[in-house]
Amino acid sequence: MAKHSNETYLLAIRTNDAKVLRDLHGDFFPSIRRYVINNSGTEEDAKDIFMDVLEALLRKVKQEELVLTCKLNTFLTEIGARLWLKKLRRNKFDAGVTTDDPVVLKFVAALETHVEKTEEFKLYREKFRHLDRGCRQVLQLGIVENKSHDEITTITGHSYDYSRKIRSKCLKKLISLIKGDVRFNELNIGSDHSL
C-alpha cells in the first residue's frame, strides 16, 4: 500500500521533496522489480527500468499537468512493463506478456513520447560523454545553456571564428556518434529531428 496519495507524489516530484521521493521508491520499485525479474530480467535491469520510468514521469509532470485516474503504482508498472518489453524486443527476446487495461493504456499513450524522449536523451548523454573536454564545454554552453557565440568566446577564451568552427566540428562528431549507434534507427530519431 502506498504511503501517500497520487497527488502527494506528483507534488513531491514538482517540488523535489526528498522524503516523499524516497517513499516513492520504496512503494513502487518492488512491483517494477517483480515484473522485470518475472520476465527474464535481473535486479540491475529492474533498477535501470525504474530510473527510466522516473525520468519519463519527471519530464511529464514538470512539462504539463498530469492527472491520474488510476493508482500511481498501476501507472508506473505499466510504463515499466512497456520499457522492459521494448528492451526485450531490442535484445531479441520474447517475454510473451501483453497488457490491455484501457484506463492504463490511455495514460501510457500520454507518456509514450516522453519515454521516447527519455531514451533519446540517454543516447545523446552517453555519446556526449565520449567527446573530449573542449567539445563538451563548447556544446554544453551553446546547446544546453543556449549561450551566444559572443558569450562562448568570453567563457572559453577562444576567438569568435574558432569557437564557431569548434562548435560545428564537435556537433558533427556528436551527430556521427549518435547515428553510428544501433539505437538511432530503433528510436526513429532521424524521422522527426534535425539529425
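Look a little higher up for the structure.
Residues numbered from 1 in each chain as written. Predicted model: local features only at pLDDT ≥ 70, side-chain atom pairs only at ≥ 80, totals over all residues. Heavy atoms only, no water.

## Concerning the state of the cysteines
Counted under the stated rule, the structure contains one disulfide. Across a sulfur-sulfur distance of 2.0 Å, C135 and C170 are joined as a disulfide pair. Across the disulfide from C135 to C170, rotation about the S-S bond amounts to roughly -70 degrees, and the bridge is consequently left-handed. Here C135, found in helix α6 (residues 133-144), pairs with C170, found in helix α8 (residues 160-179); they are 35 residues apart in sequence, far enough to count as distant. Like C170, C135 is buried. (Disulfide = S-S within 2.5 Å. Helix = DSSP H or I, 4+ residues; strand = E, 2+ residues; numbered from the N terminus. Buried < 20%, exposed > 50% of the residue type's maximum accessible area, 1.4 Å probe, protein only.)

## With respect to the nonpolar core
Counting residues in each nonpolar core, the largest one holds 27 residues, and the members touching the most others are F28, I32, I49, V53 and L76. Residue assignment for this core shows that the elements contributing at least two residues are α1 (6-15), α2 (18-38), α3 (43-63) and α4 (72-90). Take this core: its biggest share by element is nine residues, from α4. Contacts of L76, omitting those with residues within four sequence positions, involve F28, I32, V53 and L57. Core analysis: the second largest hydrophobic core is formed by eleven residues, L131, C135, C170 and F184 among them. (Core = buried A, V, L, I, M, F, W, Y, C linked by side-chain atoms within 4.5 Å. Contact = heavy atoms within 4.5 Å.)

## With respect to the pattern of salt bridges
On inspection of all chains with the given rule, the structure shows seven salt bridges. The closest approach of N and O atoms between E78 and R82, which form a salt bridge, is 3.2 Å. Residue E78 and its partner R82 are both found in helix α4; the two are separated by four residues, about one turn of the helix. For E78, a relative accessible area of 8% puts it in the buried group. Residue class for R82 comes out partly exposed when judged on its relative accessible area of 33%. As a salt-bridge pair, D181 and K127 come within 3.1 Å of each other at their nearest N and O atoms. One end of the pair, D181, is in the loop between α8 and α9 (183-186); the other, K127, is in helix α5 (residues 102-128), and 54 residues separate them in sequence. We classify D181 as buried; its relative accessible area is 13%. We classify K127 as buried; its relative accessible area is 12%. (Salt bridge = Lys/Arg side-chain N within 4 Å of Asp/Glu carboxyl O.)

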